[in-house]
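Single-letter residue listing:
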Amino acid sequence: MIISTLLVVLFVGECNAFTPSTAVHEVHTSTQTSKSYTYGDSQYANCSITPQEQQQQSLLQPTTEVVDPFEIWGKMRLGLGSGPGSNAEGVFWVGGGSLYEPLTGEILATFEGYDIGKGIQINDNHIRQLSRKIFWFRDPITGDIMKEYNGQPVKPIVYDSQMIDYHRGEDGSITYSVEASLRLLKGALPKMKITSQFAGLHQMMINIPVFLDVPIPEDRGGGRYQAWEFYDYNVDPSFENHADRPPTAVWCRQGSVPPFNMDSKSVLRFSGHRVDSYDELPERMRIEVEREYPHFTTTPKDEEEAIDQAYSGKR
């Protein structure tokens, strides 16, 4: 998840050292070095009911399949890997929601857009994300893209580029870090973990918490940028019937959203799903992109472009 200078809508954390990257197609999908999604003693990867228990209750034969959380995350989020669910060109997460005034629940604006990202396999335990994201605020009555609110300008949320790293945790979780972003968040936030569990046999739930309390440079207005966010993904880890039952995402946030509310209490909720090509995006999004943001049809081509665009911006 930028409005154009402050709102953050993707994962953030502390940075780790860069290591040489390998091509996307070199992902080692057969390597199982992280804990599987079975009930164990990890507080991060425990399931309320294991696949084996669920199958036994359903009078089915217990499964011996091992599911690698790190591999599933890379494939679901970025199309990394091979076989069903993979897409080396990158994937789109598209959807919408509303911006609410705190306490009253008044809808200040509707909110829609998408993220496009692809993955690079650094090594068996390290994935790099290259991505862009763009979101528009629309009038909740007319549906028109908002240009102003109470006399203040309203602009789309635009991230020309981000580079985010994911690391396999020994406890079955995944850690993440922003390596390049317009919001200058590298190393500025507490470490958080992506965690997961099964719901039944064929649904994996993945949760990402984000907590922000970052000083704003004086040349950008000063003060502090404060918010909390939660991302919740659902996916069939086999990626069977992927086209008919795509992975889904819900994102909730409370924090500053200029010019609507600067007191860190505005509430934003977004729900969406994954598509695998630009042509699958809604027509009205494609019209805006092709008119104003043509580079948003594809991901950054490499790390160099991602870093350059993240800090210099194309607009």
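All figures in this text were calculated on a predicted structure; none of them were measured in a lab.

### Description of the overall build of the chain
Inference 1: Each helix and strand in the chain was counted, giving 4 helices and 12 strands.
Inference 2: Taking all 315 residues of the chain together, the buried fraction comes to 51%.
Inference 3: Surface summary for the chain: the accessible area is close to 14300 Å², and the carbon and sulfur share equals 49%.

### Comments concerning unusual backbone geometry
Inference 1: If you check the backbone angles, Asn 150 has positive phi at about 50° while not being a glycine.
Inference 2: Positionally, Asn 150 belongs in the loop between β4 (148-149) and β5 (152-153).
Inference 3: Phi at Phe 239 takes a positive value of approximately 60°, unusual for a residue other than glycine.
Inference 4: Within the fold, Phe 239 resides in the loop between β10 (224-235) and β11 (248-257).

### Here's the deal with the environment of Asn 150
Inference 1: Given a relative accessible area of 65%, Asn 150 falls into the exposed group.
Inference 2: Sequence separation between Asn 150 and Pro 259 is 109 residues; the distance between their C-alpha atoms is 8.5 Å.

### Notes on the packing of aromatic side chains
Inference 1: Within the structure shown, the criterion is met by 17 aromatic pairs.
Inference 2: When the ring of Trp 73 is compared with that of Tyr 233, the centres are 5.4 Å apart and the planes differ by 85°; the resulting orientation is edge-to-face. A residue pair is termed long-range when its members are at least 10 positions apart, and Trp 73 in helix α2 (residues 69-78) and Tyr 233 in strand β10 qualify at 160 residues. One exposure class covers both Trp 73 and Tyr 233, and it is buried.
Inference 3: Ring geometry for Phe 111 against Phe 137: centres 5.2 Å apart, planes inclined by 40°, an arrangement best described as tilted. One end of the pair, Phe 111, is in strand β2 (residues 107-123); the other, Phe 137, is in strand β3 (residues 126-138), with 26 residues separating them in the sequence. Each member of the pair Phe 111 and Phe 137 is classed as buried.
Inference 4: Chaining the aromatic ring pairs together yields one cluster made of Phe 111, Phe 135, Phe 137, Tyr 149, Tyr 231, Trp 251, Phe 260 and Phe 270.

### A closer look at the side chain of Gln 309
Inference 1: The topology assignment puts Gln 309 in helix α4 (residues 303-312).
Inference 2: Its relative accessible area of 8% is what places Gln 309 among the buried residues.
Inference 3: A polar atom in the side chain of Gln 309 sits 2.3 Å from the side chain of Arg 132.

### Re helix α3 (residues 283-292)
Inference 1: Among all positions in α3, only Met 285, Glu 288 and Val 289 are buried. Down the axis of α3, the buried side of the element spans an arc of 100°, and every buried residue falls inside it. Away from its buried face by more than 90 degrees, α3 exposes Glu 283, Glu 290 and Arg 291.

### Re empty space enclosed by the protein
Inference 1: Of the pockets and cavities examined, the second largest cavity occupies roughly 30 Å³.
Inference 2: For the second largest cavity, the full set of lining residues is Val 235, Asp 236, Phe 239, Glu 240, His 242, Arg 245, Pro 246 and Pro 247.
Inference 3: Of the residues contributing to the lining of the second largest cavity, the split by class is 4 nonpolar, 1 polar and 3 charged.

Reading guide: rules and limits
- Residues numbered from 1 in each chain as written.
- Predicted model: local features only at pLDDT ≥ 70, side-chain atom pairs only at ≥ 80, totals over all residues.
- Heavy atoms only, no water.
- Helix = DSSP H or I, 4+ residues; strand = E, 2+ residues; numbered from the N terminus.
- Buried < 20%, exposed > 50% of the residue type's maximum accessible area, 1.4 Å probe, protein only.
- Areas by Shrake-Rupley, 256 points an atom, 1.4 Å probe, with all protein chains shown as cover.
- Phe/Tyr/Trp six-rings, centres within 6.5 Å; stacked < 30°, edge-to-face > 60°.
- Polar contact = N/O pair within 3.5 Å; in protein donor to acceptor, adjacent residues only side chain to side chain.
- Arc of directions from axis to C-beta.
- 1 Å grid on protein atoms, 1.4 Å probe; cavity = no way out; pocket = protein on both sides within 12 Å on 5 of 7 lines; lining within 4 Å.
- Points joined across faces, edges and corners; volume = space filled by probe spheres on them.
- Nonpolar A, V, L, I, M, F, W, Y, C, P; charged D, E, K, R; others polar.

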